[in-house]
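Here is what each chain is made of, one letter per residue.
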Amino acid sequence: MGNDYRDMSRKAANIISAQVILKPSSVLGLATGASPLGVYSQLIEWYRKGDVDFSEAVTINLDEYKGLAPEDPRSFRYFMNENFFKHINVRPENTNVPDGMAPEADECARYDGVIRASGGIDMQMLGLGHNGHIGFNEPGGSFDKDTHCVSLSDSTIEANRRFFEKDEDVPRKAYTMGIRSIMQARRIVVIASGARKAAIVMEAFRGPITPQVPASVLQLHNNVTLVGDTDALSMI
Ligand code: F6R
């Protein structure tokens with residue numbers, strides 16, 4: 001993607017680095033996927049220049065595939081290590097991603113405990129699924145869930161297929177922070193890039209608030225910033 005993606009990434013990175021500069025011990029809610037990659041590269045660049053310091057920051061990721069180990073290159077933990085954590089000075093023990101290998105009941109309760117013990121998420125970055133999902137909260141789920149295990153929708157499985165060799169390897173389930181956990185973040189930054197996100201950006205931010213479009217719940221949050229490139233924002 002061209003300059004637009006870079007601009008979007010720089011703007012979102014600006015908001016996140018300002019958060020960390022103002023409060024070095026910030027709890028950052030993070031996402032994986034294509035959208036935040038440019039944000040992470042920008043933050044890494046500023047870290048290398050000495051402009052931002054993550055030594056006191058805590059990170060809490062949104063989600064992880066059930067059944068993938070942290071060292072599996074397709075896991076979100078691996079993605080975060082490779083694309084962000086290992087390039088900055090965040091302390092590994094201060095980074096949190098659900099453990100895809102842990103049993104369901106234990107892991108969801110443990111993760112909610114991690115969020116609580118952190119004192120709450122200061123800033124949550126979110127990407128937007130084509131079907132309006134945030135984290136892996138798929139259409140039709142309820143708004144009042146904390147961390148839980150979800151069955152991924154067909155469209156999400158389809159979107160993930162490119163990362164897996166065989167169809168049957170694509171995970172069908174994931175652990176995700178729930179909508180309630182996401183809505184408790186003090187500030188939310190949504191990033192969206194490309195024409196393929198234009199319709200869902202419109203539905204989520206201008207359409208009715210409904211579990212059919214999970215991101216529409218963000219209209220009820222009092223501190224949400226949408227950072228998008230021109231294509232993604234073309235319909236609003
Ligand atoms: C990732 C996540 C997902 C993605 C969404 C958009 O941790 O929770 O909700 O943010 O699927 O993905 P991209 O950015 O790849 O379009």
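To be clear, the structure that these remarks concern was listed above.
Just so we're clear, the structure is a prediction, and the values are computed from it rather than from any experiment. (Residues numbered from 1 in each chain as written. Predicted model: local features only at pLDDT ≥ 70, side-chain atom pairs only at ≥ 80, totals over all residues. Heavy atoms only, no water.)

Here the focus is the overall build of the protein chain. Along its length, the protein chain carries seven helices and nine strands. Against the globule reference of 18 Å for 236 residues, the protein chain gives a C-alpha radius of gyration of 17 Å, in line with a compact fold. Overall size of the protein chain, expressed as C-alpha extent along the three principal axes, is 45 × 40 × 35 Å. When burial is assessed residue by residue, the protein chain has 53% of its 236 residues classed as buried. A fraction of 78% describes how many contacts in the protein chain between residues 6 or more apart in sequence connect residues 24 or more apart. When the accessible surface of the protein chain is summed, it comes to about 10,700 Å², and 50% of that surface belongs to carbon and sulfur atoms. Counting 25 positive and 30 negative side-chain charges, the protein chain places the centres of these two groups 3 Å from one another. (Helix = DSSP H or I, 4+ residues; strand = E, 2+ residues; numbered from the N terminus. Rg over C-alpha atoms; globule rule 2.2 N^0.38 Å. Buried < 20%, exposed > 50% of the residue type's maximum accessible area, 1.4 Å probe, protein only. Contact = heavy atoms within 4.5 Å. Areas by Shrake-Rupley, 256 points an atom, 1.4 Å probe, with all protein chains shown as cover. Lys, Arg positive; Asp, Glu negative; His and termini not counted. Charge placed at Lys NZ, Arg CZ, Asp CG, Glu CD.)

Around the ligand, the structure places 13 residues, and the nearest of them are Ser35, Asp63, His133, Gly135 and Lys197. Here aspartate 63 contributes a side-chain N or O atom positioned 2.5 Å from an oxygen atom of the ligand. Isolated, the ligand exposes 410 Å² of accessible area, and the fraction of that covered by the protein chains is 87%. (Near = heavy atom within 4 Å. Polar contact = N/O pair within 3.5 Å; in protein donor to acceptor, adjacent residues only side chain to side chain.)

This part is about the packing of helix α2 (residues 37-49) against helix α3 (residues 76-83). The interhelical angle for the contact between α2 and α3, taken along N-to-C directions, is 35°, at an axis separation of 10 Å. Of α3, the residues touching α2 (which contributes Leu37, Tyr40 and Ile44) are Phe79, Met80 and Asn83. Classifying every residue of the contact of α2 with α3 gives five nonpolar, one polar and no charged. (Axes fitted to C-alpha atoms, helices over the stretch in contact; angles between N-to-C directions. Nonpolar A, V, L, I, M, F, W, Y, C, P; charged D, E, K, R; others polar.)

Let us look at the sheet that holds strand β1 (residues 27-30). Pairing is parallel in the open sheet, where six strands are placed in the order β4-β2-β1-β5-β8-β9. Two strands close off the open sheet at either side, each with one partner strand: β4 (95-96) and β9 (224-228). Relative to strand β5 (residues 123-126), β1 runs parallel, the two being bridged by two bridges. Residue pairing in the sheet places glycine 29 in a bridge with glutamine 124 of β5. Across the sheet, helix α4 (residues 104-117) lies against β2 (58-61) and β4, angled at about 145° from β2, the strand it touches most. (Pairing = 2+ DSSP bridges.)

Our focus in this paragraph is the environment of tyrosine 65. Looking at the secondary structure, you find tyrosine 65 in strand β3 (residues 63-65). Given the relative accessible area of 2%, tyrosine 65 is considered buried. Sequence spacing of tyrosine 65 and aspartate 99 is 34 residues, and the spatial spacing of their C-alpha atoms is 8.5 Å. Tyrosine 65 has contacts with Arg74, Phe76, Gly100, Phe136, Leu152, Asn160, Phe164, Pro171, Lys173 and Ala174, leaving out every residue within four places of it along the chain.

Now for helix α7 (residues 198-206). An α-helical turn contains 3.6 residues, so a residue and the one three or four places further along point in the same direction. If you check which residues of α7 are buried, you get Ala198, Ile200, Val201, Ala204 and Phe205. Each buried residue of α7 sits inside an arc of 165° when the element is viewed along its axis, so together they form one side. Against the buried residues of α7 lie β8 (187-192) and β9. (Arc of directions from axis to C-beta.)

Below, the discussion takes up the pairing of β2. Of the two faces of β2, the one holding Val58 and Ile60 and the one holding Thr59 and Asn61 are both buried throughout. Where β1 lies against β2, four bridges are found, and the strand directions are parallel. If you follow leucine 30 over to β2, its bridge partner there is asparagine 61. Alignment of β2 against β4, held across two bridges, turns out to be parallel. Looking across to β4, one finds that isoleucine 60 is bridged to asparagine 96.

In the structure shown here, the tally under the stated rule is seven aromatic pairs. With centroids separated by 4.5 Å and ring planes inclined at 20°, the aromatic side chains of tyrosine 40 and phenylalanine 84 adopt a geometry described as stacked. Taken together, the residues span a long stretch of sequence, with tyrosine 40 in helix α2 and phenylalanine 84 in the loop between α3 and β4 at a distance of 44 residues. For the pair tyrosine 40 and phenylalanine 84, one class covers both residues: buried. (Phe/Tyr/Trp six-rings, centres within 6.5 Å; stacked < 30°, edge-to-face > 60°.)

Mapped onto the elements, aspartate 122 comes out in the loop between α4 and β5. On the basis of relative accessibility, which here comes to 6%, the residue aspartate 122 falls in the buried class. For aspartate 122, the side chain forms a polar contact with the side chain of lysine 23, separated by 3.0 Å.

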